[in-house]
Amino acid sequence: MTVAEASSVAPGAWPSWRDFRVIRRSFEDAAKTQCSFHLEPVDGVALAPFKPGQYLTFSLRVANSVSEAPDTERTITRCYSLSDCPRPTNYRVTIKRVPPPAGRPELPPGVSSSHFHERVREGDILKVKAPTGHFFIDPDPAVPAVLIAGGIGVTPMMSMLLWCLAEQPQRTVHLYYGLRHSGEHAFKQVLEQWVESHPNFHLNVVYSSAGPGDVRGRDYQHAGHVNVDLLRSSLPHGRHRFYVCGPPPMMASLVPALGAWGVRAEDIHFEAFGPASMPLDASALVQGADVRTGVIAPIEVRFIGAERTLVWDGHDASLLDFAERHGVEVDSGCRSGSCGSCETKLVSGTVRYAHRPDHDIRPGHCLLCVGTPESALVLEA
């Protein structure tokens, strides 16, 4: 199977939601914060190939907090990268438990990740949408691939790497994997085994806070963070195609630095966690504004369903934030342009996106979570 074959499969390869059974759970790190869930279709129909790097969308029934409504549930939508190469029988996603924010123990942990870790067990049935997403590896074996992962950003890299090792063993692949210490080092043993068995695979593990038992040269190769200086000093000369996935601070520093180093834009592919997805050109973040003055012209936005006509003043990051601030109820999930939960019919007007959404938007519709108005809008929300 090739990526070219995968690209011929439409994202909507099955109806909106399909039932999958959890056939196995397995922790991938010593601290047991990253758990893989192996899923097989309940209907037994073979799975169409996906593009290595894409993600699955889940519809989850999660428990409300005590403050919201004790002993009740609500539905949320979340997206998780596939962490295995395409197989006709099953999928694998690897999910990291998200704790409360550092220094804020009174705040709740991640709702979805806690649900998976605490409530999802082998034999459970989950509702899943077909794989989709625009972050995937280019199939050209002539260009060496440089996979750069920060923390749980290693999951789509595992999919890309496994596919390359199986389908293009002659292709040179470099993996730079940044994390804090060996306790959260996911897939450690299998990555080290692949280095031994695949001469064209090169692994560079970077610890920022090595523990007392962590040995440089055995557990990791570099101290600090994955940055352009490290890439310049360790990559051979020549063209490479870069794939980057990690938390916002890593993306904000590394992606522009690659461009400044002279890497061509078409050779830089990236995916950030959640709404941190970012364009290469930082000026594109200024939406609907006069770049010289910062003044944003008022734009009228009409919500037909809510029977509200409001004025966009540029104080919100997205139309979804704008709607919620004014009490307009809109379905939402990922808030990053991935799941499509907030897709809304666009009756008139144009919406601008700072970056291309992963969700394939239907004609005549728009995504509120990553869109801003470019002209007066009439929305069916």
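Everything that follows concerns the structure shown earlier in this document.
Residues numbered from 1 in each chain as written. Predicted model: local features only at pLDDT ≥ 70, side-chain atom pairs only at ≥ 80, totals over all residues. Heavy atoms only, no water.

S.K.: What exactly am I supposed to notice about the overall build of the chain here?
M.R.: Counting its regular elements, the chain contains seven helices and 19 strands. Here the chain holds 381 residues, and the buried ones make up 47% of them. Within the chain, contacts between residues separated by at least 24 positions form 65% of all contacts whose residues are at least 6 apart in sequence. Accessible surface for the chain amounts to roughly 17,800 Å². Of this, 52% is attributable to carbon and sulfur atoms. (Helix = DSSP H or I, 4+ residues; strand = E, 2+ residues; numbered from the N terminus. Buried < 20%, exposed > 50% of the residue type's maximum accessible area, 1.4 Å probe, protein only. Contact = heavy atoms within 4.5 Å. Areas by Shrake-Rupley, 256 points an atom, 1.4 Å probe, with all protein chains shown as cover.)

S.K.: Just to check I follow, could you spell out helix 6 (residues 248-261) for this structure?
M.R.: An α-helical turn contains 3.6 residues, so any two residues separated by three or four positions project in the same direction. The end-to-end C-alpha distance of helix 6, which contains 14 residues, comes to 20 Å, matching closely the 20 Å that a straight helix rising 1.5 Å per residue would cover. Among the residues making up helix 6, those that are buried are M250, M251, L254, V255 and L258. One side of helix 6 carries all its buried residues, which in axial view fall inside an arc of 100°. Away from the buried face of helix 6 by more than 90 degrees, exposed residues P249 and A260 are located. Residues of helix 6 that are buried make contact with strand 7 (145-150), helix 5 (228-234), strand 11 (241-246) and strand 12 (268-272). G262 occupies a position one or two residues after helix 6 and carries a positive phi of about 110°. (Expected span 1.5 Å × (residues − 1). Arc of directions from axis to C-beta.)

S.K.: What am I meant to see in the packing of helix 3 (residues 154-167) against helix 4 (residues 188-197) here?
M.R.: Axis separation between helix 3 and helix 4 bottoms out at 13 Å; the angle between their running directions is 30°. On the basis of the axis angle, helix 3 is roughly parallel to helix 4. Our pair here, helix 3 against helix 4, has a crossing hand that is left-handed. On helix 4, the residues touching M158, L161, L162 and L165 of helix 3 are V190, L191 and W194. Here the contact of helix 3 with helix 4 is composed, by residue class, of seven nonpolar, no polar and no charged. (Axes fitted to C-alpha atoms, helices over the stretch in contact; angles between N-to-C directions. Parallel < 35°, antiparallel > 145°, perpendicular 65-115°, else oblique. Left-handed = near helix turned anticlockwise from the far one by under 90°. Nonpolar A, V, L, I, M, F, W, Y, C, P; charged D, E, K, R; others polar.)

S.K.: Please explain the packing of aromatic side chains as it appears in this structure.
M.R.: The geometry of an aromatic ring pair is captured by the separation of the ring centres together with the interplanar angle, meaning the angle of the planes. For the structure on display, the rule yields 11 aromatic pairs. Measuring from ring centre to ring centre gives 5.5 Å for Y80 and F116, while their planes differ by 80°; the resulting arrangement is edge-to-face. Pair noted here: Y80 is in strand 4 (residues 73-81) and F116 is in helix 2 (residues 111-119), with a separation of 36 residues, a long-range link. The interplanar angle of 20° and the centroid separation of 4.5 Å between the aromatic rings of Y207 and Y220 together place this pair among those described as stacked. Here the residue Y207 occupies a position in strand 9 (residues 201-207), and Y220 occupies one in the loop between strand 9 and strand 10 (222-223), the gap between them amounting to 13 residues. With respect to class, Y207 is no different from Y220; both count as buried. Through a chain of ring-to-ring contacts, three or more aromatic side chains come together here, namely F37, F58, Y80 and F116. (Phe/Tyr/Trp six-rings, centres within 6.5 Å; stacked < 30°, edge-to-face > 60°.)

S.K.: Can you help me understand the pattern of salt bridges in this one?
M.R.: Pairing is possible between side chains of opposite charge, provided their charged atoms come close. If you walk through the whole model with that rule in mind, you get 21 salt bridges. The partner of R87 in a salt bridge is D84, with the nearest N and O atoms 2.9 Å apart. By relative accessible area, D84 is classed as buried at 9%. When the shortest N-O distance is used, the salt bridge between R218 and D219 registers 2.7 Å. Here R218 falls in the partly exposed class, since its relative accessible area comes to 48%. Accessibility expressed as a relative area gives 7% for D219, which makes it buried. (Salt bridge = Lys/Arg side-chain N within 4 Å of Asp/Glu carboxyl O.)

S.K.: Looking at this model, I keep getting lost on the nonpolar core. Mind explaining?
M.R.: Judged by nonpolar contacts, the single largest core of 30 residues is most densely connected at L147, M157, L161, L175 and L191. Within the residue set of this core, elements represented by two or more residues are strand 7, helix 3, strand 8 (173-179), helix 4, strand 9 and strand 11. With nine residues, helix 3 is the largest single contributor of residues to this core. The contact partners of L175, leaving out residues within four places of it in the chain, are L147, M157, L161, L191, F201, H202, L203 and N204. With 22 residues, the next largest nonpolar core counts F322, C342, L346 and L368 among its residues. (Core = buried A, V, L, I, M, F, W, Y, C linked by side-chain atoms within 4.5 Å.)

S.K.: I'm lost on the pairing of strand 6 (residues 125-132) in this one. Help?
M.R.: Bridge count for strand 1 (residues 18-27) against strand 6 is four bridges, and the pairing is antiparallel. Bridging from a neighbouring strand, D19 pairs with K127 of strand 6. Two strands pair when backbone bridges link them, and strand 3 (residues 55-63) and strand 6 are joined in this way by four bridges, in the antiparallel orientation. Bridged to Y55 within strand 6 is T132. (Pairing = 2+ DSSP bridges.)

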